[in-house]
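Spelled out from the first residue to the last, the chains are:
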Amino acid sequence: MSNDLTKLFETMMEQSQEMARTFNPALEAFSATGLEELMPTLSQSFMEMAFGKTLNPEGLDSKTRLLLNIAAMTVLGAQAEPQLKVTIRHALHAGATEREIAEVIMQMSMFGGAPAMAKALQIAQTVFTDGAEGTAEDESQ
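Residues numbered from 1 in each chain as written. Predicted model: local features only at pLDDT ≥ 70, side-chain atom pairs only at ≥ 80, totals over all residues. Heavy atoms only, no water.

**Q** I'd like a description of the nonpolar core, backed by residues and values.
**A** Within the largest apolar cluster, 21 residues are counted, with the highest numbers of intra-cluster contacts made by Ile 70, Leu 84, Ile 88, Ile 101 and Ile 105. The set of elements that each furnish at least two residues to this core consists of helix 4 (62–75), helix 5 (81–93), helix 6 (98–107) and helix 8 (114–130). Looking at this core, the element that brings in the most residues is helix 8, giving six residues. Ignoring anything within four residues of it in the chain, the contact list for Ile 70 reads Leu 84, Thr 87, Ile 88, Ala 91, Ile 101, Val 104 and Ile 105. (Core = buried A, V, L, I, M, F, W, Y, C linked by side-chain atoms within 4.5 Å. Buried < 20%, exposed > 50% of the residue type's maximum accessible area, 1.4 Å probe, protein only. Helix = DSSP H or I, 4+ residues; strand = E, 2+ residues; numbered from the N terminus. Contact = heavy atoms within 4.5 Å.)

**Q** Describe the pattern of salt bridges, and please don't skip the residues or the numbers.
**A** Scanning the model with the defined rule gives four salt bridges in all. The salt bridge partner of Lys 119 is Glu 81, with a shortest N-O separation of 3.4 Å. Taken as a pair, Lys 119 in helix 8 and Glu 81 in helix 5 lie far apart in primary sequence, 38 residues in all. Judged by relative accessible area, which is 30%, Lys 119 ranks as partly exposed. Its relative accessible area of 28% is what places Glu 81 among the partly exposed residues. A salt bridge links Glu 103 to Arg 99, with the shortest nitrogen-to-oxygen separation between them at 2.9 Å. Separated by four residues within a single helix, Glu 103 and Arg 99 lie in helix 6, roughly one turn from each other. With relative accessibility at 40%, the residue Glu 103 sits in the partly exposed group. On the basis of relative accessible area, Arg 99 is assigned to the exposed category, the value being 63%. One network of salt bridges, in which partners are shared, links Glu 81, Lys 85 and Lys 119. (Salt bridge = Lys/Arg side-chain N within 4 Å of Asp/Glu carboxyl O.)

**Q** Tell me about the packing of helix 4 against helix 5, and name the residues and values.
**A** At a minimum axis separation of 9 Å, helix 4 and helix 5 run at an interaxial angle of 155 degrees. Comparing their axes, helix 5 and helix 4 come out roughly antiparallel. Where helix 4 crosses over helix 5, the two elements pack in a sense that is left-handed. Touching Leu 66, Asn 69, Ile 70 and Met 73 of helix 4 are Gln 83, Leu 84, Thr 87, Ile 88, His 90 and Ala 91, all from helix 5. Grouping the constituent residues of the contact of helix 4 with helix 5 by class yields six nonpolar, four polar and no charged. (Axes fitted to C-alpha atoms, helices over the stretch in contact; angles between N-to-C directions. Parallel < 35°, antiparallel > 145°, perpendicular 65-115°, else oblique. Left-handed = near helix turned anticlockwise from the far one by under 90°. Nonpolar A, V, L, I, M, F, W, Y, C, P; charged D, E, K, R; others polar.)

**Q** Before we move on, can you summarise the environment of Val 127 with the specific residues and values?
**A** Examined against the element boundaries, Val 127 turns out to sit in helix 8. According to the relative accessible area criterion, Val 127 is buried, its value standing at 1%. Separated by 38 residues in sequence, Val 127 and Arg 89 place their C-alpha atoms 6.8 Å apart.

**Q** Which residues make up the packing of helix 4 against helix 6, and what values go with them?
**A** At their nearest, the axes of helix 4 and helix 6 sit 9 Å apart, and the two run at 40 degrees to each other. With respect to helix 6, the axis of helix 4 lies oblique. The handedness of the crossing between helix 4 and helix 6 comes out as right-handed. Contact residues: Lys 63, Leu 67, Ile 70, Ala 71 and Thr 74 in helix 4; Glu 100, Ile 101, Val 104 and Ile 105 in helix 6.

And the structure:
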């Protein structure tokens, strides 16, 4: 990274930390680690609202929106593991199957590359093996 970019990044981080201190001093040391344990799933009504059905009732359903979010996080290199885990869990609760989630992730190998796909599949597998009670696959058995 060039010296100018390094300075810009450092300034941005300092400003972000100052903003966090202003909003809530506890946010200054916030870490996303363990996010999936703090918030394993959201209620269906909240997911519908957050993912567009309340604001755009004729738009995509929450399952589709969550699959798109999984695709985007995969293409970005599956860097946000806690967020990807939460999104996969939410997608399962919104009616997506494990197979649909895996297919979305595998499709993204063309855009994000095989390493990103492999990492996202590994993350998805941990969610699948941890168990997701009340998913579409559980209900169909």
